[in-house]
Amino acid sequence: MKSFSSILLYLTVALLLLWQLPWCYNYFIVKPEKSPFTLYSFVIDDFAMIVQEEGEGAVRRDASGNVYSETAFDSILPMFYYRQLASDERFPDTIKGVPVTPKMIQNENFNFRSVPSDINAPRIGLYPLLESMSGRVDLQLPDDVFRITGTGIEFIDMASNSVNAEKSGRFTEAMSKKGFRFPATEIAGNPTVKKEYDEGYLLLDTDRRLFHLKQVKGRPYVRPIALPDTLTLKHLYLTEFRNRKTLAFMTDTDNALYVLNAKTYDVIRTGVTSFNPETDAMTVIGNLFDWTVRVTTPETDNYYALDATDYSLIKKMENKSDVWTMPGVTFTSYTDKYVTPRL
């Protein structure tokens, strides 16, 4: 018994050392990297950034090292600083030959962000299906939620916790007629009323074929979306941006990033080399002319400038991390929200 207690004590001490020593080193010694705020500028055809330098404060420069004053920096990023330009009465009438107004720019600008902890998280499996054409300005949450089983889609009344058989049968029949095979392997939507319009959900069926599902005046709208034979989708993001040009971002099993256009349902591969939602964070800041896509991996920060028309690559910049952290046992990770021991 004494020998067992000694072994248990030594194992506990070793585990605590593997946990606490790397944590103390990383907390007190390692200085976190501060990634500069970076956007692509079509004015100078280069990435422009705000770098926080010790003793100098914020320095505005481009990737080539050219330094800009604050007002000049506003001018090379007119789509981002349009409010400041309008306030200074420096807002241009046309940009790249296109007549523009502040309201037009506001309508075209969008932000999108995905982090691994959003993907690597438990799912409840119950989703509200909003009315997409209610005729009202404000969206409203329904009184029921749906789930997709191996036999169909079920709508459950939240007040009585009972299945609405009539509505469930109606939607199941509509989905089956369009070729949907139950159950769904991926369900992507934005179940909130804090948006300007609703596009329902994107679904992957059991054969990983893509479908668009929404409710229009109480009736099911189901649209199968043709995919190239070589494309196998894995993760979906319904966008619902203000300009209504895109319907979704999507990744395949090879971690390529695609855009699904809203009106034509065209699937277009972007110029982003690689994005794995399960391990990488992605931020997209888009405007009428270009998108700046930042993909953060554990090793690098990759910046991509994409053409807003066809999503082709304009320019790429890679920043490798030079921070070394001591490995050891940890219980949390930025890639998920689970508390569990891991190396």
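For the structure given in this document, a descriptive report is provided here. (Residues numbered from 1 in each chain as written. Predicted model: local features only at pLDDT ≥ 70, side-chain atom pairs only at ≥ 80, totals over all residues. Heavy atoms only, no water.)

1. Examining the nonpolar core
If you look at the biggest cluster of nonpolar residues, it comprises 19 residues, and the most contacted ones within it are Phe 249, Val 272, Met 282, Val 284, Trp 291 and Val 293. Elements with a contribution of two residues or more to this core: β7 (110–114), β17 (257–261), β19 (281–286), β20 (290–296) and β21 (300–307). The biggest single contributor to this core is β20, with three residues. (Core = buried A, V, L, I, M, F, W, Y, C linked by side-chain atoms within 4.5 Å. Buried < 20%, exposed > 50% of the residue type's maximum accessible area, 1.4 Å probe, protein only. Helix = DSSP H or I, 4+ residues; strand = E, 2+ residues; numbered from the N terminus.)

2. Quick look at helix α6 (residues 165–177)
Taking 1.5 Å per residue, 13 residues should reach 18 Å; α6 reaches 18 Å between its end C-alpha atoms and fits that length. Considered for burial, the residues of α6 that qualify are Lys 167, Ser 168, Phe 171, Thr 172, Ala 174 and Met 175. Seen from one end, α6 has its buried residues packed into an arc of 160°, which puts them on one side. Exposed and oriented more than 90 degrees from the buried face of α6 are Ala 165, Glu 166 and Lys 177. Tucked inside the fold, the buried residues of α6 contact β8 (144–148), β9 (153–157), β10 (162–163), β12 (201–204), β13 (210–216) and β14 (219–225). (Expected span 1.5 Å × (residues − 1). Arc of directions from axis to C-beta. Contact = heavy atoms within 4.5 Å.)

3. Here we look at the sheet that holds strand β11 (residues 186–189)
Backbone-to-backbone hydrogen bonds pair the strands of a sheet. The strands run either parallel or antiparallel. An order of β11-β12-β13-β14 is seen for the four strands of this open sheet, with the pairing classed as antiparallel. Where the open sheet ends on each side, the last strands, each with one partner, are β11 and β14. Direction aside, neighbouring strands of the sheet carry axes that sit 20° apart on average. Across seven bridges, β13 lies against β14 in antiparallel orientation. When the sheet's bridge partners are listed, His 212 is paired in β14 with Arg 223. (Pairing = 2+ DSSP bridges. Axes fitted to C-alpha atoms, helices over the stretch in contact; angles between N-to-C directions.)

4. What to know about the pattern of salt bridges
The tally for this structure, following the rule as stated, stands at 18 salt bridges. Measuring nitrogen to oxygen at the nearest pair gives 3.0 Å for the salt bridge that ties Glu 240 to Lys 195. One end of the pair, Glu 240, is in the loop between β15 (233–238) and β16 (246–252); the other, Lys 195, is in the loop between β11 and β12, with 45 residues separating them in the sequence. Lys 195 matches Glu 240 in its accessibility class, with the two residues each being buried. (Salt bridge = Lys/Arg side-chain N within 4 Å of Asp/Glu carboxyl O.)

5. Observations regarding the environment of Asp 280
Structurally, the position occupied by Asp 280 is in the loop between β18 (267–269) and β19. Since its relative accessible area comes to 6%, Asp 280 is described here as buried. Separated by 20 residues in the primary sequence, Asp 280 and Thr 300 place their C-alpha atoms 9.9 Å from one another. Ignoring sequence-local partners within four residues, the contact set of Asp 280 consists of Ser 114, Pro 116, Phe 275, Val 295, Thr 296, Thr 297 and Pro 298. Looking at Asp 280, its side chain comes within polar contact range of the side chain of Thr 279, at 3.1 Å. (Polar contact = N/O pair within 3.5 Å; in protein donor to acceptor, adjacent residues only side chain to side chain.)

6. Some details on unusual backbone geometry
Both trends apply: most residues other than glycine have a negative phi, and most peptide bonds are in trans. The peptide bond linking Phe 182 to Pro 183 adopts the cis configuration, its omega dihedral lying at 0°. Position of Pro 183 among the secondary structure elements: in the loop between α6 and β11. For Lys 96, which is not glycine, the phi torsion reads 55° and is therefore positive. Along the chain, the position of Lys 96 falls in the loop between β5 (94–95) and β6 (98–99). Even without being glycine, Glu 240 reaches a positive phi, approximately 55°. Take Glu 240: its relative accessible area is 11%, and that puts it in the buried class.

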